[in-house]
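Report on the structure
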Amino acid sequence: MDGLEKAVDTAVTHQAVLGYVLLTSGGGKVAMASLFVSLVDAVGDVDAAGLEPAAAAEGLAARLGGEMCDLPVGPAVRVRRRQPVTVDDGASPSDVEIVQWYALHESGRRLALLTFSTPNVGLAGEFGEVFDLIAATLRWTH
């Protein structure tokens, strides 16, 4: 549980406003995934005020090495990567699959960041599909 508490503390530090963790088992296997949502003010070269949403998202995709995608809230950027993670208890490092969605508010001054992750890299394709479906439910309430 200590690792989960550290993850939550880190998420709160990064302005997370929502978090979910899925942990399930069946057939002797465990599947786990998490989602943290952060709402941040766009600053510096990410501030897209005055730009067309598609142009702002294209610039963000180029900087982040992501791909342009359309969500119901408008143009967004999807970044997928695999990252090695070390654990405190001395266990060997393992990989985590991470999919991040960056969705600009229509004003260009706010950004929703959805960060999905799973240590089940063998199921990265399947989890990626689920992550994308969840991202498609994003709505701005102003």
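One can find the structure itself at the top, above this paragraph.
A few points on the structure. (Residues numbered from 1 in each chain as written. Predicted model: local features only at pLDDT ≥ 70, side-chain atom pairs only at ≥ 80, totals over all residues. Heavy atoms only, no water.)

Some thoughts on the overall build of the chain
Counting secondary structure elements, the chain contains three helices and six strands. Counting from the amino terminus, helix and strand elements in the chain follow one another as α-β-β-α-β-β-β-β-α. Going through the 142 residues of the chain one by one, you find that 34% of them count as buried. In the chain, once contacts between residues fewer than 6 apart in sequence are set aside, the share between residues at least 24 apart is 47%. (Helix = DSSP H or I, 4+ residues; strand = E, 2+ residues; numbered from the N terminus. Buried < 20%, exposed > 50% of the residue type's maximum accessible area, 1.4 Å probe, protein only. Contact = heavy atoms within 4.5 Å.)

Observations regarding a nonpolar patch on the surface
On the surface, a cluster of nonpolar side chains totalling about 360 Å² of accessible area is made up of Val21, Leu23, Val30 and Met32. Put simply, the parts of the chain that give the nonpolar patch at least two residues each are β1 (16-26) and β2 (29-41). Inspection of the secondary structure assignment puts valine 30 in strand β2. Overall, the relative accessible area of 54% leaves valine 30 in the exposed class. (Patch = residues over 30% accessible without salt bridge, like charges linked within 9 Å, V, L, I, M, F, W, Y side chains within 5 Å. Areas by Shrake-Rupley, 256 points an atom, 1.4 Å probe, with all protein chains shown as cover. Salt bridge = Lys/Arg side-chain N within 4 Å of Asp/Glu carboxyl O.)

Describing the nonpolar core
In terms of nonpolar packing, the biggest core is built from 17 residues, with Leu71, Trp101, Ala103, Leu114, Phe116, Phe131 and Ala135 touching the most fellow members. When contributions to this core are tallied by element, the ones reaching two or more residues are β2, β3 (67-71), β5 (94-104), β6 (110-118) and α3 (124-135). Once you skip the residues sitting within four places of it in the chain, leucine 71 turns out to touch Ala76, Trp101, Ala103, Ala135 and Ala136. Ranked by size, the runner-up nonpolar core spans eleven residues in total, among them Val40, Ala57, Leu104 and Leu113. (Core = buried A, V, L, I, M, F, W, Y, C linked by side-chain atoms within 4.5 Å.)

Quick look at helix α2 (residues 53-64)
Under the 1.5 Å per step criterion, the end-to-end length of α2 is 16 Å for twelve residues, consistent within 8% with the ideal 16 Å. Here α2 has its buried residues at Ala56, Ala57, Leu60 and Ala61. Looking straight down α2, one finds its buried side chains confined to an arc of 135°; they lie on one side. Structurally, α2 contributes buried residues whose contacts are with β3, β4 (74-85), β5 and β6. Looking one or two residues past α2, glycine 65 carries a phi angle of roughly 70°, positive in sign. (Expected span 1.5 Å × (residues − 1). Arc of directions from axis to C-beta.)

Thoughts on α3
The first and last C-alpha atoms of α3 sit 16 Å apart over twelve residues, in line with the 16 Å expected at 1.5 Å per residue. Every buried residue of α3 is accounted for by Ala124, Phe127, Gly128, Phe131 and Ala135. Taken around the axis of α3, the buried residues stretch over an arc of 105°, which confines them to a single face. More than 90 degrees from the buried face of α3, the exposed residues found are Glu129 and Leu133.

Remember that the coordinates give geometry; whether it matters functionally is a separate question.
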